[in-house]
Amino acid sequence: MLEGFDERSYLSARRWKPGDDPYTLYAFNQRESERIPSNRALRDTRHYRCTTLRYDSDLPPTSIIVTFHNEARSTLLRTIRSVLNRTPVHLIHEIILVDDFSEDGLIRSRVRGADAARAGVLTFLDSHCEVNKDWLPPLLQRIKQDPTRVVSPVIDIINMDTFAYVAASADLRGGFDWSLHFKWEQLSPEQRARRTDPTQPIKTPIIAGGLFVIDRSWFNHLGKYDTAMDIWGGENFEISFRVWQCGGSLEILPCSRVGHVFRKKHPYIFPEGNANTYIKNTRRTAEVWMDDFRLFYYSARPAARGKSYGDIQGRVDLRKKLKCKSFKWYLDNVYPELKSVKSGYLSLL
């Protein structure tokens, strides 16, 4: 792949001088990223039983959408190269790179990428990832069987200092608290006991954000993203509640592994400040999707009270049009564990 491509001049590998801070531009160790080849080998981090699974020969090809903003060339190149090296070529309809030079933010950039896509299935990746062996067929198989599923890989960790690729636990799912703060949480002992097969999908109340696969028609039918949200942050709550409450489901697939560089800060400039942007976006989510349970959000995040969140009428109308279920249904059927966090829960029933 990429014959004749002059990687060194593309990276224009700078001469690092003593005292240069390799974290300044991208919030990870740029020097180490440039030192590591773009086509490095990765350890297969899946459970050994994943290698015995067989997938349909006529899986739908996908448009792979990578949005990026102020991204190091070395990490972007490693993302693309890992896709080309570890994906059956007939399953890649196209790779769409959306350079968000406009300060639109990742949310609106993903919609621009999806609108340009021509395949029937959309795959969203971040620009500092490395896909692992056989990552795509398990995801496409689940979508082919049921196009209302939205599926995610297990997200392995690429260390921001050393770029070591570290396996994440396959016994995690997405969770959150009433302030709409995302967290990874262990499956409960009961949930683990029910999992007789370690290759089985894991139902998750929420996805982490930028790595997922969705049927294109379903994405459009559900209303894409809330494009009145700003920049980045909180959009994973909005799309997760919407998928579950409007007739779909969210899954993490242990036999699909994608590594991701987790950084301590985001390279976006937030005109309103990071915290205010997150509050605006999560407030929109709470007002449209959480019904009276939004009171718990305000109780857990008092700074959100009184902050402007824009016009939500279009999203309220979308929810009515799609005949989506209540947030109480979501709590009862998808994430009952959240109820126990607040003793006042019963007062809203």
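Below or above, wherever it landed, is the structure these notes cover. Keep in mind that what you see is a predicted model, and the values were worked out from it rather than measured.

Conventions and cut-offs
Residues numbered from 1 in each chain as written. Predicted model: local features only at pLDDT ≥ 70, side-chain atom pairs only at ≥ 80, totals over all residues. Heavy atoms only, no water. Buried < 20%, exposed > 50% of the residue type's maximum accessible area, 1.4 Å probe, protein only. Helix = DSSP H or I, 4+ residues; strand = E, 2+ residues; numbered from the N terminus. Pairing = 2+ DSSP bridges. Arc of directions from axis to C-beta. Salt bridge = Lys/Arg side-chain N within 4 Å of Asp/Glu carboxyl O. Polar contact = N/O pair within 3.5 Å; in protein donor to acceptor, adjacent residues only side chain to side chain. Contact = heavy atoms within 4.5 Å. Core = buried A, V, L, I, M, F, W, Y, C linked by side-chain atoms within 4.5 Å. Disulfide = S-S within 2.5 Å.

Next up on the list: the pairing of strand β10 (residues 212–215). Burial along β10 is two-sided: Phe212 and Ile214 and Val213 and Asp215, pointing in opposite directions, are all buried. Of the pairings in the sheet, the one linking strand β3 (residues 121–125) to β10 comprises four bridges and is antiparallel in character. Residue pairing for β10: Leu122 is matched across the bridge by Ile214. Two elements, strand β5 (residues 149–158) and β10, share two bridges in a ladder whose sense is antiparallel. Looking at the pairing, Val150 lines up with Ile214 of β10.

With that settled, the discussion passes to helix α11 (residues 313–321). Taken together, the buried positions of α11 are occupied by Arg315, Leu318 and Arg319. Down the axis of α11, the sector holding all buried residues measures 100 degrees, keeping them to one side. Residues of α11 that are exposed and point over 90 degrees away from its buried face: Lys320 and Lys321. One or two residues past the end of α11 sits Lys323, with phi positive at roughly 55 degrees.

What follows deals with the pattern of salt bridges. Overall, the coordinates contain 23 salt bridges when judged by the stated rule. Close ionic contact of Glu251 with Arg142 constitutes a salt bridge, the shortest N to O distance being 2.7 Å. One end of the pair, Glu251, is in strand β11 (residues 249–261); the other, Arg142, is in helix α5 (residues 136–145), and 109 residues separate them in sequence. By relative accessible area, Glu251 is classed as buried at 1%.

It is worth spelling out the side chain of Arg173 at this point. Along the chain, the position of Arg173 falls in strand β7 (residues 172–176). Engagement of the side chain of Arg173 in a polar contact is seen with the side chain of Glu337, the distance being 3.0 Å.

Right, let's talk about the environment of Met229 for a bit. For Met229, the location among the structural elements is in the loop between α7 (216–221) and α8 (235–245). C-alpha of Met229 to C-alpha of Asn281: the two residues are 52 residues apart in sequence and 5.3 Å apart in space. With sequence-adjacent residues up to four places away left out, Met229 is seen in contact with Ile107, Arg108, Gly234, Glu235, Glu238, Asn281, Arg284 and Thr285.

This part is about the nonpolar core. By size, the foremost hydrophobic cluster in this structure holds 51 residues, and its most contacted members are Phe176, Phe241 and Tyr330. Apart from residues lying up to four places away in sequence, Phe176 is in contact with His181, Phe182, Lys183, Ile206, Phe237, Phe241, Tyr330, Tyr335 and Leu338. Counting 25 residues, the second-largest nonpolar core is a separate cluster that includes Ile64, Leu76, Val83 and Leu211.

Here we take up unusual backbone geometry. Phi is positive for Lys224, close to 55 degrees, though the residue is something other than glycine. Following the sequence through the fold, Lys224 ends up in the loop between α7 and α8. The partly exposed category is assigned to Lys224, whose relative accessible area is 26%. Of note in the backbone geometry, Lys323 takes a positive phi value of approximately 55 degrees without being a glycine. Relative to the helices and strands, Lys323 resides in the loop between α11 and α12 (327–333).

So, on to the state of the cysteines. Applying the stated criterion to the full structure yields two disulfides. What pairs with Cys50 in a disulfide is Cys255, and their sulfur atoms sit 2.0 Å apart. On the sign convention where negative is left-handed, the bridge of Cys50 and Cys255, at about -80 degrees about the S-S bond, is left-handed. Note that Cys50 is positioned in the loop between α2 (30–35) and β1 (62–68) and Cys255 in strand β11, a separation of 205 residues in sequence. For the pair Cys50 and Cys255, one class covers both residues: buried.

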